[in-house]
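Per-entry structural report
Chain by chain, the residues:
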Amino acid sequence: MTDDRIPLLIDTDPGVDDALALLMAFHDPRHRLLGLTITAGNVGLRHTVANALKLCEVAGVDVPVYAGCPVPLVHDAADAAYVHGQDGFGDTGYVPAVRQAEAEHAALAILRFSHEYAGRLLLVTLGPLTNLALALRLDPTLPSRVGRLVVMGGAVTGQGNTSIPAEFNIAFDPEAADVVFRGFPAFELADWEAVVRHGFLHRDFEGWLGSGDHRARFYDGISRFTRQWSEGKRGALWHSADALAMAAALHPDGVARAESRYLAVELEGRLSRGATLVDWQQRTGRPANARIVMAFDQARFEALIRAALGA
């Protein structure tokens, strides 16, 4: 029997917003989730792997989890435990999952799946691009086998969330992002500034959690620390970066507006390391490599989140 579902591989660093995006992917019947490749980022690799395994267990999803790179390619970087909790899941003290990660390294799993599903693979990255950059260095022909690459990262007009111009995923490992953005002739980008334009009210989200199922109850616990931090820092609206990227990946017809431009990463700037520089005025003459999500159907976005929580 032919499986017509779209093969989906997710590289992620769970992370509270990663968890919401993963619940969205778990809930989508049109995609076949092949596995989760895990990197360090929001917190260290030990925690991000454990969190991925636990979320699969809670959701009743049996997909392989592959541990990847524990550190950036070149330079050390600070994590985001101050947002996600020291364990990345709000320090709730959950009982670890029974299942363990696979023995295969995440970068090798990416390459293997790219061969098995050549031309059809949907690859979504929700964290720093370390695993994908390593895979690309091992096999520079990788992009020719990826049907779509969707990246959560960047701040396309320099309004970052980590430094003045930089977004966390790119700033955590700018060298990896540079490798990926130079290696892939075409990718789709959901950046931090788009995320800010697609916030939703904390009180609405709390209502969704209250009317949801066991997934919502688990997510309520692991996200409480982050939601309280967000409300104190950013006010009435909450923002889930990875959820927006996942919505654009799973439902590209929900993208209301996108712009295609050439994009590069700044590696050396004293104040701008990790910034994503977009040739908005097309001065370089270089072909566009990034299709940048500018707007997504807000009602549809929120409906996808509610469905993933069983609300």
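Residues numbered from 1 in each chain as written. Predicted model: local features only at pLDDT ≥ 70, side-chain atom pairs only at ≥ 80, totals over all residues. Heavy atoms only, no water.

Turning our eyes to something else, we now look at empty space enclosed by the protein. All told, the structure shown has one cavity of 30 Å³ or more when counted by the stated rule. The computed volume of the largest cavity comes to approximately 340 Å³. Sorting elements by how many residues they give to the lining of the largest cavity places helix H10 (residues 214–234) first, with four residues. Partitioning the lining of the largest cavity into residue classes produces eleven nonpolar, nine polar and six charged. (1 Å grid on protein atoms, 1.4 Å probe; cavity = no way out; pocket = protein on both sides within 12 Å on 5 of 7 lines; lining within 4 Å. Points joined across faces, edges and corners; volume = space filled by probe spheres on them. Helix = DSSP H or I, 4+ residues; strand = E, 2+ residues; numbered from the N terminus. Nonpolar A, V, L, I, M, F, W, Y, C, P; charged D, E, K, R; others polar.)

Considering the arrangement of structural elements, one finds Asp28 in the loop between helix H1 (16–26) and strand E2 (31–38). Overall, Asp28 belongs to the buried group, its relative accessible area being 8%. For the pair Asp28 and Ala290, spaced 262 residues apart in sequence, the C-alpha separation works out to 25 Å. Other than its neighbours up to four places away in sequence, Asp28 contacts Leu250 and His251. There is a polar contact of 3.4 Å between the side chain of Asp28 and the side chain of His251. (Buried < 20%, exposed > 50% of the residue type's maximum accessible area, 1.4 Å probe, protein only. Contact = heavy atoms within 4.5 Å. Polar contact = N/O pair within 3.5 Å; in protein donor to acceptor, adjacent residues only side chain to side chain.)

The biggest cluster of nonpolar side chains holds 62 residues, and the ones touching the most others in it are Leu36, Phe205, Tyr219, Ile305 and Leu309. Tyr219 has contacts with Val16, Asp17, Ala19, Leu20, Leu23, Phe205, Leu209, Trp238 and Leu309, leaving out every residue within four places of it along the chain. One finds Phe113, Val179, Val180 and Leu189 within the second-largest nonpolar core, a separate group that totals 37 residues. (Core = buried A, V, L, I, M, F, W, Y, C linked by side-chain atoms within 4.5 Å.)

Bringing the packing of aromatic side chains into the picture now. Summed over the entire model, instances satisfying the criterion amount to 15 aromatic pairs. On the numbers, 5.8 Å between centres and 75° between planes, the contact of Phe205 with Trp208 is edge-to-face. With Phe205 and Trp208 both in helix H9 (residues 202–211) and three residues apart, this pair spans about one turn of that helix. An identical accessibility class is assigned to Phe205 and Trp208; each is buried. Grouped by ring-pair contacts, the aromatic residues Phe200, Phe205, Trp208, Tyr219, Trp238, Phe296 and Phe301 constitute a single cluster. (Phe/Tyr/Trp six-rings, centres within 6.5 Å; stacked < 30°, edge-to-face > 60°.)

What follows deals with the pattern of salt bridges. Throughout the structure, instances matching the rule amount to 16 salt bridges. Here Arg227 ties to Asp220 by a salt bridge, and the two come within 2.5 Å at their closest N and O atoms. We note a salt bridge from Arg257 to Glu259, for which the minimum N-O separation is 3.2 Å. When its relative accessible area of 42% is taken as the criterion, Arg257 is described as partly exposed. (Salt bridge = Lys/Arg side-chain N within 4 Å of Asp/Glu carboxyl O.)

Backbone hydrogen bonds hold the strands of a sheet together, and the pairing may be parallel or antiparallel. Spatial strand order, E3-E2-E1-E4-E5-E6-E12-E9: eight strands in an open sheet with mixed pairing. Strands at the two margins of the open sheet, each flanked by one partner only, are strand E3 (65–67) and strand E9 (255–261). Across the sheet, the axes of successive neighbouring strands diverge by a mean angle of 25°, strand direction being ignored. In the sheet, strand E4 (residues 121–125) pairs with strand E5 (residues 146–152) via five bridges, with the strands oriented parallel. Note that in E5 the partner of Leu123 across the bridge is Leu149. (Pairing = 2+ DSSP bridges. Axes fitted to C-alpha atoms, helices over the stretch in contact; angles between N-to-C directions.)

Attention now goes to the state of the cysteines. Using the criterion set out here, one finds zero disulfides in the structure. Of all cysteine sulfurs in the structure, the one in Cys69 sits closest to Cys56, which takes part in no disulfide; the separation is 20 Å. With a relative accessible area of 1%, Cys56 lands in the buried category. (Disulfide = S-S within 2.5 Å.)

Right, let's get into unusual backbone geometry. The step from Pro14 to Gly15 runs through a cis peptide bond, and the omega angle for that step is -15°. At Asp91, a residue that is not glycine, the phi angle is positive and equals roughly 55°. With respect to the helices, strands and loops of the structure, Asp91 is situated in the loop between helix H3 (81–84) and helix H4 (106–116). In this structure, Gln282 takes a positive phi of about 55° despite not being glycine. With respect to the element layout, Gln282 can be found in the loop between strand E11 (276–278) and strand E12 (290–296). Among the residues examined, Gln282 registers a relative accessible area of 55% and is labelled exposed.

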